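Okay, here's what each chain looks like letter by letter:
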Amino acid sequence: MTDRKPVGIDLGTTRSAIAHIAVGDVEVLFNDEGDAVTPSVVTIEEDGSPTVGKTALNQAVLKPDRTVQEVKREMGDDVRLSIDSEKYQPEEISALILQKLIRDAENKMNAEVSEAVITVPAYFGENQRAATENAGRIAGVDVERLLPEPSAACLAYGMHKGKLNEDVSEIVFVYDLGGGTFDASLVDVDFELDHVETLNTHGLNSVGGTDWTSAIAGWVTDQVLEAGGADPSENPQVQSQVQDKARDIKHTLSNKDTAALTGMVGGAAVDAELSREEFEGMTSELFDETINATDELFERSDFGVGDVDKVLLVGGATRMPQVRDGVEEYFGMEPSVEMNPDRAVAQGAAIQAELLSDEATGVTDEIVGVDDGVVLVDVAPRSLGIKLHDDTTSHIIESDDEIPTMVRREDFRTVEDDQTTVKFPIVEGESDDATENEKIGMVTLEDIPPRPSTDESLAVEFELTSDGTLQVEAEDLETGEAVSSSFESSITRDDEEISKLQADLPTL
Amino acid sequence: MDNSDNEQPTTPPSRISNSSPVETSEYDGSERVDGDIAYDPTATAYHRRLGVSLNPTSSQVRNAGKAASNLFHPDNDTKYANEDFFMNISEARKILSDTEKRSAYQTFCANFGVVEGTKRFESWRSRGEPRSAEATIKQQIRQTSFDYRECQDVTEYMPLPDVRGEKSHPDGSNQPTETSSDEPIAKDNADSDQPPTQSPHTNDAIGDSKINKQDSSGKDKTHSDGDFSPLEDSTPNLHTSGSGVPDISAGSNHTDYMLSGYTPKIVTSTEDVEDLSVLNNTYSGVDYVEIRGFIPTEVLLFNLPKRTVSTYSQESITGLSWSKRVGTNEYVFKFKQKEIVIELVEDQEPSVSSNSKTDSDSVADDENTDSEYSYLNQSPEGVGDLLANVIRYLWHTASIKMVVLRVVAGSVWFGIVLSEFITLFGSVFLTLSLIPLQKTGVYILSVYTLYYIVFISIFGYTLPTGNMPFSLVLFSLISSCVSWVIFSSDQELIKVWDKE
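The notes below deal with the structure included here. (Residues numbered from 1 in each chain as written. Chains lettered and ligands numbered in written order. Predicted model: local features only at pLDDT ≥ 70, side-chain atom pairs only at ≥ 80, totals over all residues.)

1. Considerations on the overall build of chain A
Link 1 in the chain: In terms of regular secondary structure, chain A is built from 11 helices and 27 strands.
Link 2 in the chain: Buried residues in chain A amount to 51% of all 508 residues.
Link 3 in the chain: Counted over contacts in chain A with a minimum sequence separation of 6, partners at least 24 positions apart contribute 69%. (Helix = DSSP H or I, 4+ residues; strand = E, 2+ residues; numbered from the N terminus. Buried ≥ 20, exposed ≤ 12 C-beta atoms within 10 Å, placed from the backbone. Contact = placed C-beta atoms within 7 Å.)

What follows is the structure, given as structure tokens:
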């Protein structure tokens, strides 16, 4: 285990995957159970030891109150999940999933993981990204970069196409419906320049494949209640059973026109059948939401629907015929089936990890077929701005600005005369009403030279680096000197905090 | 001006060849990195960063932008990777690919030149675009004394517009049509297929030239904008029947010459420009033409061999453009809707390297040139000339004008004040002399005292060099008249009273 290799990790809402660059190709690393994807499910056993993956998913029905699912949806939120007397933060649960992925991968590669690129939904905000990075740090992995999932998929796609030596440039639309999030991204993939550039991105952090499952779960619940079974909302175990059945039905409906619900659920025998049309009727609103988000993206973009050369479907939920057909209808073309929707993201992350790695072996060059590798240009998913005194937002970095970027604004002033300290929140979101946007941190400016509040004498500079971290600086325009400023992200954790969490983390 | 030299196209790989990555040095932005597209991430103007024309098509922006951002992206393995450069490129792409932003940007550039325009545009954006671009520009134009329109910049790299005709110059109507030689020469130029007339003068001068040939010839090639054709493009050589001046710009060696042997002459000028003079920099060995009075407060130094314009103050003059008339030795300078055309006329008695005596064509015109301009090369003789030059120079600076104006205005004001005092003391004297006639005397005195108290308390007296409100002058004039009327009518009263 002396070798050290970079890996790419797709940390999904329901399922995760890890990949690396092996000789000649990108290889998704199978876990100890022999699967390419690992369910993002964690069970904390009675003795406090965690179980992650398939086993935990199987136990979910038996131990619903000890099992954590879809933790990704809580990332960046200030919540605590309590199991027994212990309280866990979403970052810690994610860290456990990462540890499992890495441990299994190290076994498979027979090498240590040197650094990792972890993917996040493109529409993840600063807080959610910071939480994901913290999870990586808690898991003890060197997080080289957080990569948007659609970009990762495009990297994998570009590599796949690049092998075919087709010197063209394509506008690719990525429809990424994950377990808990939806991302719509328009990406310019230039095979000649080996350049992958995100043009626009839009998304929903509230719509994912699990919502489709929930729709079926609602139907299953109805059937159970009709058959005289226990109410799932009052019994976690029955709820877990219902979820399990619903997931099965969803998967079945991806391949067949009808799915049967049979057996004992909640103490009652159920026997019902759900047709695909019924299912699609139940969930048409969910799909419409993704289409609306897509519409919004094209409204903002310089490109139209007609400019799209290729539609990529990413995420396991895009296996649903409803999504495939709907997307095909929207774009008037059949979505590409070249990429495996479950693996493309992890593959792309592995490519990026290799490209960024200091210990690059040159294998990527061979694979990608170019000398200088691929350059991936990403954009800021949402606007970043300042919440002003009157609760309005002054947007500094706009959504779809390429990163890294630095924006300077010079029209700020203090509220009071001779005010020497200013404290203001940094918000993320498009709304002009700052209270509708998400607060991601506070900036404190100190030692401002006293002067009348009418002087617009303060400049504020936002810098968003390649790895998505924000730095805020301020300058006094009259003296030209930097004002001492400190930006405190709502979720930044210092090393001390991380090592404490690391120490508290139960071992696998 | 030095960085303009850096912008010359070297002969880089047509694509970045990474098979042999250059690891020796950090890329500093000075070198052109692509054979076809010349990116310059350090440039101020957006289109120059992307190496596209001032008014590029959207696909040009997209392609150049993609390639440039690929090149400079910090993740790139090559020596070009640079976060600042990448951000500069990104900014340029963002503005040029957005119809609205681009149009605002171009409006700024059209009014202030590309460098100043870019700076003002950025400043406008950094202030959150408080008003529309047009309103902002209008206000800024009101606040500045310079008119930047129709101008390119000398500061960043010198565009050399071809003053061939109206096509390339929107303000072609302003061009002096009296340069009668223009037409026939241009025509000659087009029709003539005679081989280039190598000017013996030019060729002989090469030996003495200290000018780096690449400097100037490379410079010309940087202009691929399309809007401007290079100063000295592949124009066939002109014979010089029109002006009788050998064309020093023609032929492949044309750039290697020094000014020695030529005398600058003003052909036309919208301004009262002072005499031109030629300076020789003893350190560089380069000749300059000094142009005084064309731009207020500045003296332009025109370095012909290097094709640069500088000033003594070393400050960049935004909005100055210049060009050479193809087929002539005429150089056109434009600034603030002013225009001056300077012609380089070969000396009758050439100095140093010139052997133009053999050039019989030039005789006819030389007479004219000589009589009018032969003294131009002479340095001023005696204190009188020197003083005259100093005064003339000072006159052309704004500050001396202001002093003169203030002295004149101050004198007028002082005169008025003086007359007021005379009137006052006159009336006091009169009053005193009329003490026996108590009533009228007291009346007059009180009127004047009251008047001065009001006058001083409202306006106060200011020094002549200070600001002098017009209303004050007017008020004092009116009050003088009123007091005179009162005074004279009073005398009538006095007379009447006397009689009684």
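There's plenty left to go through after this.
2. Let's talk about the packing of helix α3 (residues 126-138) of chain A against helix α11 (residues 495-504) of chain A
Helix-helix packing: each pair is described by the crossing angle between the helix axes and the interaxial distance.
Residues and elements named next belong to chain A.
Link 1 in the chain: One way to put it is that α3 packs onto α11 with a least axis distance of 9 Å and a crossing angle of 60°. One way to sum up the angle between α3 and α11 is to call them oblique. For the element pair α3 and α11, the recorded crossing hand is right-handed. When α3 is examined against α11, the residues Asn-134, Arg-137 and Ile-138 are found in contact with a partner set consisting of Ile-498, Leu-501 and Gln-502.
Link 2 in the chain: Of the residues contributing to the contact of α3 with α11, the split by class is three nonpolar, two polar and one charged. (Axes fitted to C-alpha atoms, helices over the stretch in contact; angles between N-to-C directions. Parallel < 35°, antiparallel > 145°, perpendicular 65-115°, else oblique. Left-handed = near helix turned anticlockwise from the far one by under 90°. Nonpolar A, V, L, I, M, F, W, Y, C, P; charged D, E, K, R; others polar.)

3. Description of the interface of chain A and chain B
Link 1 in the chain: Every contact between the two is made by 23 residues of chain A and, on the other side, 21 residues of chain B.
Link 2 in the chain: Elements represented by at least two residues in the side of chain A that touches chain B include exactly β14 (195-204), α9 (344-356), β18 (375-379) and β22 (405-412) of chain A.
Link 3 in the chain: Sort the elements by how many residues they give to the side of chain A that touches chain B and β22 of chain A lands first, with six residues.

4. As for unusual backbone geometry
Link 1 in the chain: Following Ile-403 of chain A, the chain continues into Pro-404 of chain A via a peptide bond in cis, with omega recorded as 5°.
Link 2 in the chain: Along the chain, Pro-404 of chain A turns up in the loop between β21 (402-403) and β22.
Link 3 in the chain: Not every positive phi belongs to a glycine, and Asp-400 of chain A is a case in point at roughly 75°.
Link 4 in the chain: Mapping Asp-400 of chain A onto the fold places it in the loop between β20 (393-397) and β21.
Link 5 in the chain: Even without being glycine, Glu-129 of chain B reaches a positive phi, approximately 45°.
Link 6 in the chain: Secondary-structure assignment places Glu-129 of chain B in the loop between α6 (114-126) and α7 (133-143).

5. Things to note about the sheet that holds strand β5 (residues 41-44) of chain A
Residue and element names in this part refer to chain A.
Link 1 in the chain: Spatial strand order, β6-β5-β7: three strands in an open sheet with antiparallel pairing. Here the strands that pair on one side only, and so sit at the sheet edges, are β6 (50-52) and β7 (67-69). Strand-to-strand twist in this sheet, taken as the mean axis angle between neighbours without regard to direction, amounts to 20°.
Link 2 in the chain: Two strands pair when backbone bridges link them, and β5 and β7 are joined in this way by three bridges, in the antiparallel orientation. Bridging from a neighbouring strand, Val-41 pairs with Gln-69 of β7.
Link 3 in the chain: Helix α2 (residues 90-109) contacts β5, β6 and β7 of the sheet and is inclined by roughly 65° relative to β6. (Pairing = 2+ DSSP bridges.)

6. What to know about the sheet that holds strand β13 (residues 182-190) of chain A
Residue and element names in this part refer to chain A.
Link 1 in the chain: The sheet built from six strands is open, its strands ordered β17-β12-β13-β14-β18-β21 with mixed pairing. Edge positions in the sheet fall to β17 (310-314) and β21, since each has one partner strand and no second.
Link 2 in the chain: Examined bridge by bridge, β14 and β18 share three bridges and lie parallel to one another. In the sheet register, Glu-197 faces β18, and the bridge partner there is Val-377.
Link 3 in the chain: The strands touched by helix α7 (residues 276-300) within the sheet are β12 (169-177), β13 and β14, with β14 carrying the most contacts at an inclination of about 130°.

7. Quick word on the pairing of β12 of chain A
Residues and elements named next belong to chain A.
Link 1 in the chain: Alignment of β12 against β13, held across nine bridges, turns out to be antiparallel. Counted as the bridge partner of Phe-173 is Leu-186 from β13.
Link 2 in the chain: Note: β12 against β17, five bridges, orientation parallel. In the strand pairing of β17, Phe-173 is matched with Val-311.

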